[in-house]
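# Notes for the structure review
Now for the letters of each chain:
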Amino acid sequence: MSHELSTVGATTPVRLQGEWTIQRARELKELLTDRLSVQRVLALDLRDVSEIDVAALQLICSAHQTAQMRGGDIFISSPLSSTIEEALHIGGFSQRLSCNLYEKNPCLLGRGDRG
Amino acid sequence: MIDQHREAFKEEASELLSDLENSLLDLEKNPENLELVGGIFRAMHTIKGSGAMFGFDDIAALMHNVESAYDRIRNGKLQVTGELISLTLAVCDQVRRLIDGSNSGTRNDEKVGTFIEAFREILDGCDSGEKAKTSSPEPNDAAPVSSEGTTYRIRFQPKAQIFANGTNPLPLLQELLELGAGRLIAQTQSVPALDEIDPETCYVYWDIILTTSRGINAIRDVFIFVEEGCDLSIEEIDRSSVAENAEDRKELGVILVESTAQESGAIRVAPAGDERRAESRRKRSTEQSSSIRVQADKLDRLVNMVGELVTVQSRLTQIASEQNHPQIVRVAEDVERLVAELRDTTMSIRMLPIGTAFSKFRRLVHDLAKELGKEIALVTQGEDTEIDKTVIERLNDPLVHLIRNSIDHGIEPPDVRKAQGKSAKGTITLSAEHSGTSVVIRITDDGAGLDAEAIRAKAIERGLIGADASLSEHEIHQLILQPGLSTAGKLTSVSGRGVGMDVVKRNVEALQGTVEIDSRRGAGATMTLVLPLTLAIIDGLLVEIGEESYVLPLSAVEECVELNHSESGRDNGQNLAMIRGELVPYIPVRDLFGIEGTPPTIEQIVTAKIDGSRVGFVVDRVIGQHQTVIKTLGRVYKDVDVVSGATILGDGRVVLILDLPKVVKKAERCTRTPDNSGRAA
């Protein structure tokens, strides 16, 4: 199973496992849409993600914006694997400071919001 | 689908490797030519990138190391040497082997490792020398912008469909960061909300500040594969405008966003030299869009159909002239004109410049000369001469053979040449030109030439000529094309020529062509190949013998005259006719083929040049020139060697096309053993 869901209070942990790349972009969109339709706040656990690409990262970014628009939020609940760290660094995401949509809010994938 | 792409890669890589080889050989001559280095680098980069994309990991790994060396050359950190060129050529061979022999792509090949090691050593040597000189930081160092070099502002905006093309931007960005010290930021403004986002569309673009000593070309090369799939702007900026420390990271964003005032869609290039590059890229893309790749068998089918059409058209013309109906005649004439145009256009599609074949031989000359310790320059002329693609393909082996012979046995070692007052460096000239419906290819060397006496002695020993035969030097030279002589290895050491020349002759004759040799002892030799422009449609001479019709290839025909029996006779079993004051041996084709009936009182003799000598072919009537669409006879007739194919006449009759050199051979055989030949002379 590549992702696990369980509801803890108002926060839904979403644990992603394995490769999340363009091949599974539709699946990831459905998953995030589905979770956000039932819960306003998601806790992303990315520690077991072995590969991630720009398609997946921009979906997480989109989900973060969407959650904020609906008055919710997404945060990353796990330490990041070196794979994810590297993808965020090379992809220029970790250098981002604030969210595009809500300038005062930190970027989910940027260095300011992790943990 | 993947297989199809892999095939396309193989095809593309083969072409690139050929270009690469030529550029490398040019570079050896002009080591300072940076334009060549740039071209070489780009070709390698393309092979590397598409190799990796289609699972040829060995190729990608190999090319990565080699291109790094050429990148150093481009930046003046490494010198071009003969050894480096030879090593790179060997890598090209290895890549070719990997492409040809591998279906799995990830074959573990020890040789690949050896080459990679060799190039790493070169790179290490170069880099350690460089470090000692400048103590520049490691290129991978992602420290704040403070390293040596020029600072660029880059905006990389992939097209929305970039994911669908199989491109992942992350490796590109990583490669970019490896060029020097850089910072990049993903711009996510365009990323829509979850219910609007198409997960397979790319919404992100990147702004990058990069300081590198590798130059703008190295940056462009990173994006070489996605050139069409992205908007890229690269601008040289004043480094002082970039924060020297990373404390206030906002500043990067400000610099990137605020100072990137230009439209992201436009390609803007700062240094003037790059205008040219942009221009050449535009030109290249125009060229690419104006030509398409077509499978060769589709072309062959088209040619076949045009051939059928030519046949049907000649039937129409014949019927129209028989009916003599003015309206039908007019239509038939229009059809004839259009079919002729269609035929010419179709044939021209199959035509390729012979330069594509010539360029392969540069490598052959380079390698073989080196191996034999000789100095040889290859001069090519008339590379633009166009010839049918099938002819080019089948010409390769004979040409390789002839050039090898010239290098091996023709051109003398430098000390021998000097002693003879020649320049130490020998020259082989490969030239091509059109001559009527034929292409004439000449391979000329300024080497030792042929030893006519030795050839003559050998020919007598082998029983090819009588001991008292009186032959001109030119005729003696042609003897090396005979199988009996050319298979003799010893002759090579005596005369310096002759290994496998009969094979060359056979191959060229299979192409309806001829080979002729000219040589002057001590001054060199010239091999002349005369080949038809195309193998699909030839100009033929239609003749009749009794009820039978035959086509003779017009390219070989010299003239047609009436056979005057009062001026003909027999000598030594041969029929001879006096034509324009010269005794010409002739073959009564009717007798040779055993055709029943009585010949007319006045027969025609068609003379042709076969193996450098005039030979007459006696027929009943000469009908005239005939546009001949060549049809193969099929396997049933494969042993009938006197015909090279068949054609269909306007009235639907099938007519055989005679292979004149083979007809002569058959006649010679029959002369020796008259019992087998009916009434043959």
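Parameters at a glance
Residues numbered from 1 in each chain as written. Chains lettered and ligands numbered in written order. Predicted model: local features only at pLDDT ≥ 70, side-chain atom pairs only at ≥ 80, totals over all residues. Heavy atoms only, no water. Core = buried A, V, L, I, M, F, W, Y, C linked by side-chain atoms within 4.5 Å. Buried < 20%, exposed > 50% of the residue type's maximum accessible area, 1.4 Å probe, protein only. Contact = heavy atoms within 4.5 Å. Buried area = accessible area lost by both parts, 1.4 Å probe. Salt bridge = Lys/Arg side-chain N within 4 Å of Asp/Glu carboxyl O. Polar contact = N/O pair within 3.5 Å; in protein donor to acceptor, adjacent residues only side chain to side chain. Helix = DSSP H or I, 4+ residues; strand = E, 2+ residues; numbered from the N terminus. Nonpolar A, V, L, I, M, F, W, Y, C, P; charged D, E, K, R; others polar. Pairing = 2+ DSSP bridges. Axes fitted to C-alpha atoms, helices over the stretch in contact; angles between N-to-C directions. pLDDT = per-residue confidence, 0-100. Parallel < 35°, antiparallel > 145°, perpendicular 65-115°, else oblique. Left-handed = near helix turned anticlockwise from the far one by under 90°.

### Some remarks on the nonpolar core
- Among the nonpolar cores identified, the biggest contains 64 residues, and Ile154(B), Phe156(B), Leu176(B), Trp206(B), Ile208(B), Ile219(B) and Phe223(B) are the most heavily contacted of them.
- Ile392(B), Leu399(B), Ala452(B) and Leu529(B) belong to the second largest nonpolar core, which has 47 residues in total.

### Regarding the interface of chain B and chain A
- Contact with chain B, which involves 29 residues of that partner, is made by 33 residues of chain A.
- Carbon and sulfur atoms supply 61% of the area that chain B and chain A bury against each other, a total of about 2600 Å² over both sides.
- One can count two salt bridges joining chain B with chain A.
- Residue Arg26(A) pairs with Glu200(B) through a salt bridge whose shortest N-O separation is 3.3 Å.
- Counting across the interface, chain B meets chain A through 10 residue pairs in polar contact (both at pLDDT 80 or more).
- Broken down by secondary-structure element, the contributors of at least two residues to the side of chain B that touches chain A are α6 (169–177) and β2 (181–187) of chain B.
- For the side of chain B that touches chain A, the element with the highest residue contribution is α6(B), accounting for five residues.
- By residue class, the composition of the side of chain B that touches chain A is 18 nonpolar, six polar and five charged.

### As for the side chain of Glu544(B)
- For Glu544(B), the location among the structural elements is in strand β12 (residues 537–545).
- Excluding residues that lie within four positions of it along the chain, Glu544(B) makes contacts with Ser549(B), Val619(B), Asp620(B), Arg621(B), Ile623(B) and Arg653(B).

### Observations concerning the sheet that holds strand β21 (residues 643–648) of chain B
All names here are of chain B.
- Across the sheet, five strands lie side by side as β20-β12-β13-β22-β21; this open sheet has mixed pairing. Each end of this open sheet is capped by a strand with a single partner; those strands are β20 (621–629) and β21. This sheet shows a mean twist of 35° between the axes of neighbouring strands, independent of strand direction.
- Of the pairings in the sheet, the one linking β12 to strand β13 (residues 548–553) comprises six bridges and is antiparallel in character. Each residue of the ladder has a partner; that of valine 543, found in β13, is tyrosine 550.

### Regarding unusual backbone geometry
Residue and element names in this part refer to chain B.
- One non-glycine residue, asparagine 324, lies in the positive phi region at around 55°.
- Counting through the fold element by element, asparagine 324 comes out in the loop between α10 (296–323) and α11 (326–350).
- In the Ramachandran plot, arginine 580 falls in the positive-phi region, its phi being about 50° despite a non-glycine side chain.
- Along the chain, arginine 580 falls in the loop between β16 (574–579) and β17 (582–588).

### Examining the confidence of the model for chain B
Residue and element names in this part refer to chain B.
- With 82% of its residues at a pLDDT of 70 or more, chain B has an overall mean of 79.
- Here residues 257–278 scores under 50 on pLDDT; set against residues more than four positions off or in separate chains, the count is 35 contacts.
- Below a pLDDT of 50 lies the segment residues 284–289, which in the model reaches two contacts outside its immediate sequence neighbourhood of four places, other chains included.

### Some details on the pattern of salt bridges
All names here are of chain B.
- Under the defined criterion, the tally for this structure stands at 41 salt bridges over all chains.
- The closest approach of N and O atoms between arginine 74 and aspartate 221, which form a salt bridge, is 2.8 Å. Of this pair, arginine 74 sits in helix α3 (residues 57–74) while aspartate 221 sits in helix α7 (residues 215–222); the two residues are 147 residues apart in sequence, bridging distant segments of the chain. Both residues of the pair, arginine 74 and aspartate 221, belong to the buried class.
- A salt bridge links arginine 621 to glutamate 544; the shortest N-O distance between them is 3.0 Å.

### Topic: the packing of helix α12 (residues 355–372) of chain B against helix α13 (residues 389–410) of chain B
Residues and elements named next belong to chain B.
- The interhelical angle for the contact between α12 and α13, taken along N-to-C directions, is 25°, at an axis separation of 10 Å. With respect to α13, the axis of α12 lies roughly parallel. For α12 against α13, the interelement crossing comes out right-handed. Here Thr356, Ala357, Lys360, Phe361, Leu364, Val365, Leu368, Ala369 and Leu372 of α12 come into contact with α13, specifically with Ile392, Asn396, Leu399, Val400, Ile403, Arg404, Ile407 and Asp408.
- Split into classes, the residues belonging to the contact of α12 with α13 amount to 12 nonpolar, two polar and three charged.

### Digging into the pairing of β21(B)
Residues and elements named next belong to chain B.
- Here β21 runs beside strand β22 (residues 654–658); their pairing, made up of five bridges, is antiparallel. Across the sheet, the residue bridging to valine 643 is leucine 658, located in β22.
- In this antiparallel pair of consecutive strands, β21 and β22, the connection spans five residues, and glycine 652 shows a positive phi of 95°.

### Some words on the pairing of strand β19 (residues 613–619) of chain B
All names here are of chain B.
- With six of its seven residues buried, β19 lies for the most part within the structure.
- Note that β17 and β19 share three bridges and pair parallel. Opposite isoleucine 587, over in β19, you have phenylalanine 617 as the bridge partner.
- Judged from the seven bridges that link them, strand β18 (residues 604–610) and β19 form a sheet pairing that is antiparallel. Directly across from isoleucine 605, in β19, lies its bridge partner valine 618.
- Where β18 folds back on β19, the antiparallel hairpin that results is connected by two residues, among which aspartate 611 adopts a positive phi of roughly 50°.

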